[in-house]
Amino acid sequence: MKLKKFFKLISAAVILLSAAGCSKKQKVPELVWQTDFEAAKKIAAENNKGIMFLFTGSDWDRYSNKFKKNVVESEQFLIKYADDFVFLNFDFAEREFNAAYLPRNDSQEEADRIEKAQKDFAERDYIARDIYSVTQYPTVLFLSQEGWYLDSVIYTDETSTFTGFEKACHSVQIEKLSSLAEKVRKSSGIEKAGAINELYEATPAIYLAPLRDLIASYPEYDPENKTGNLGKFEQAKAYFDAYDELVHGRDAAAVYVTVAENKDNHLNEAERQNMYFMAALVELQEGKDTGSYDYGAIVDYLQKAYDCDPNNEIGPDILYQLEKARQQYKAQSK
């Protein structure tokens, strides 16, 4: 009888210990926010992590603080992501803008502070808008340690809770792009060229800008065009180069024409056609912006584009634009 009671006590103790173990709270990782992009990338590389990039407007956007506190800084979020991602926050607060553009006095020290503040603000704005196409606040981006795109989640009523946020995350996509990023990181030679192409094809077009340096490096790994993809990456590089020219008020159309007519390039006829077509579209947009159209150049580019491959799927659109431009050029020449 005593032995029976003893085993009952042992069983009860085991059950209590098991329950205690199950109810033990999981340790929440420490929350550390980075505010410098390059520093975050360095930390991520050193610790083999990705980057969780949060864009907020804390003192003008009514959802930013709520989302940051209730979702991104929640225990559930930290437990799920803090061990695998460096947390980075760009807060485009109105007070920071005012501090950068409204001097407090006329001293040289204040002028130096203003210059640095404006440079920092402009750099962060460039990263947000031009590199990652952020147009809504708050927004979360998941990036590789290099800053390459993995996934994005914008604030909505559905993503205002951790559960909703998790549903909006594309975990399969994050895993796939993370794997491709690692493949690029670890490969060399022609294998690296293939890995770059895989990552390029898997990345949504709107998020290709972070791959710019990788795109420009492609010829280094496939100089003899064994993959047949050199032309594609020469074309992709041209998009970025033309954008730079456009931003600085220079001749973006000339970039496309130069790439199209460079005999050392590896463009196929469809890619060459696209370069001429882009040159024409840039000229048309410039004319719309300035009120002064160079229809001679536009007709020339469209004709060259059409001649490259009349039977291509964009051939009819090019021909339509060409006929319109010819009419305008004829009227302009009178």
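Residues numbered from 1 in each chain as written. Predicted model: local features only at pLDDT ≥ 70, side-chain atom pairs only at ≥ 80, totals over all residues. Heavy atoms only, no water.

(A) Region of interest: the pattern of salt bridges. Counted according to the given criterion, the structure contains 20 salt bridges. Among the salt bridges present, the one from Glu-166 reaches Lys-80, with a minimum N-O distance of 2.4 Å. On the criterion of sequence distance, the pair formed by Glu-166 in helix α7 (residues 162-168) and Lys-80 in helix α4 (residues 75-81) is long-range, its members being 86 residues apart. For Glu-166, a relative accessible area of 24% gives the class partly exposed. The salt bridge involving Arg-272 is made with Glu-269; its shortest N-O contact spans 3.5 Å. Linking Arg-272 with Glu-269, this pair stays in helix α13 (residues 269-290), spanning three residues, or about one helical turn. Residue classification places Arg-272 among the buried residues on the basis of a relative accessible area of 17%. (Salt bridge = Lys/Arg side-chain N within 4 Å of Asp/Glu carboxyl O. Helix = DSSP H or I, 4+ residues; strand = E, 2+ residues; numbered from the N terminus. Buried < 20%, exposed > 50% of the residue type's maximum accessible area, 1.4 Å probe, protein only.)

(B) Looking closely at the nonpolar core. Counting residues in each nonpolar core, the largest one holds 62 residues, and the members touching the most others are Phe-53, Phe-77, Phe-142 and Phe-165. Among residues more than four places away in sequence, those in contact with Phe-142 are Ile-51, Met-52, Phe-77, Tyr-81, Phe-85, Trp-148, Tyr-149, Leu-150, Asp-151, Phe-165, Cys-169 and Ile-174. Counting residues in hydrophobic clusters, the runner-up holds 27 residues, among them Val-257, Val-282, Ile-298 and Ile-318. (Core = buried A, V, L, I, M, F, W, Y, C linked by side-chain atoms within 4.5 Å. Contact = heavy atoms within 4.5 Å.)

(C) Region of interest: the packing of helix α9 (residues 189-202) against helix α10 (residues 212-221). Orientation of α9 relative to α10, taken along the N-to-C sense of each, is 150 degrees, at an axis distance of 9 Å. Of the possible angle classes, the one that applies to α9 and α10 is roughly antiparallel. The element α9 and its partner α10 pack so that their crossing is left-handed. Contacts between α9 and α10 involve Gly-189, Ile-190, Lys-192, Ala-193, Ile-196, Leu-199 and Tyr-200 on the former and, on the latter, Leu-214, Ile-215, Ser-217, Tyr-218 and Tyr-221. (Axes fitted to C-alpha atoms, helices over the stretch in contact; angles between N-to-C directions. Parallel < 35°, antiparallel > 145°, perpendicular 65-115°, else oblique. Left-handed = near helix turned anticlockwise from the far one by under 90°.)

(D) View of the layout of surface pockets. Looking at the largest pocket, its volume works out to about 880 Å³. Lining the largest pocket are 40 residues, and of these Tyr-126, Asp-130, Ala-209, Phe-240 and Tyr-243 sit closest to its centre. Taken together, the residues that form the lining of the largest pocket break down as 23 nonpolar, five polar and 12 charged. As for the second largest pocket, its lining consists of 22 residues, of which Asp-84, Phe-85, Leu-150, Ile-174 and Ser-178 are closest to the centre. Sorting the residues of the lining of the second largest pocket by element identifies α4 and α8 (171-186) as the ones contributing at least two each. It is α8 that contributes the most residues to the lining of the second largest pocket, eight residues altogether. For the lining of the second largest pocket, the per-class residue count stands at six nonpolar, eight polar and eight charged. (1 Å grid on protein atoms, 1.4 Å probe; cavity = no way out; pocket = protein on both sides within 12 Å on 5 of 7 lines; lining within 4 Å. Points joined across faces, edges and corners; volume = space filled by probe spheres on them. Nonpolar A, V, L, I, M, F, W, Y, C, P; charged D, E, K, R; others polar.)

(E) Here's a closer look at a nonpolar patch on the surface. A surface patch of nonpolar side chains, about 290 Å² in accessible area, is lined by Phe-97, Tyr-101 and Leu-102. Here Tyr-101 is to be found in helix α5 (residues 94-101). Given a relative accessible area of 34%, Tyr-101 falls into the partly exposed group. (Patch = residues over 30% accessible without salt bridge, like charges linked within 9 Å, V, L, I, M, F, W, Y side chains within 5 Å. Areas by Shrake-Rupley, 256 points an atom, 1.4 Å probe, with all protein chains shown as cover.)

(F) Molecular detail of the sheet that holds strand β2 (residues 50-56). The mixed open sheet is built from five strands, whose spatial order is β1-β3-β2-β4-β5. Looking at strand neighbours, the two that pair on one side only are β1 (33-34) and β5 (149-154), the edges of this open sheet. The sheet contact formed by strand β4 (residues 139-143) and β5 spans five bridges and is antiparallel. If you follow Thr-139 over to β5, its bridge partner there is Ile-154. Along the sheet, helix α2 (residues 37-46) contacts β1, β2, β3 (85-91) and β4; its crossing angle with β3, the most-contacted strand, is approximately 175 degrees. (Pairing = 2+ DSSP bridges.)

(G) Region of interest: unusual backbone geometry. Look at the link from Tyr-137 to Pro-138: it is a cis peptide, with omega at -5 degrees. Note that Pro-138 resides in the loop between α6 (108-131) and β4. Unlike most non-glycine residues, Ser-133 shows phi in positive territory, near 55 degrees. As for its placement among the helices and strands, Ser-133 is situated in the loop between α6 and β4. In this structure Ser-133 comes out as partly exposed when scored by relative accessible area, which is 24%. A positive phi angle is found at Asn-225, which is not glycine, with a value near 55 degrees. Tracing the backbone through its elements, the reader meets Asn-225 in the loop between α10 and α11 (230-247).

(H) Quick look at the pairing of β5. In terms of burial, β5 is largely enclosed, as five of its six residues are buried. The antiparallel pairing of β4 with β5 creates a hairpin that spans five residues between the two strands, and Gly-147 there sits at a positive phi of about 95 degrees.

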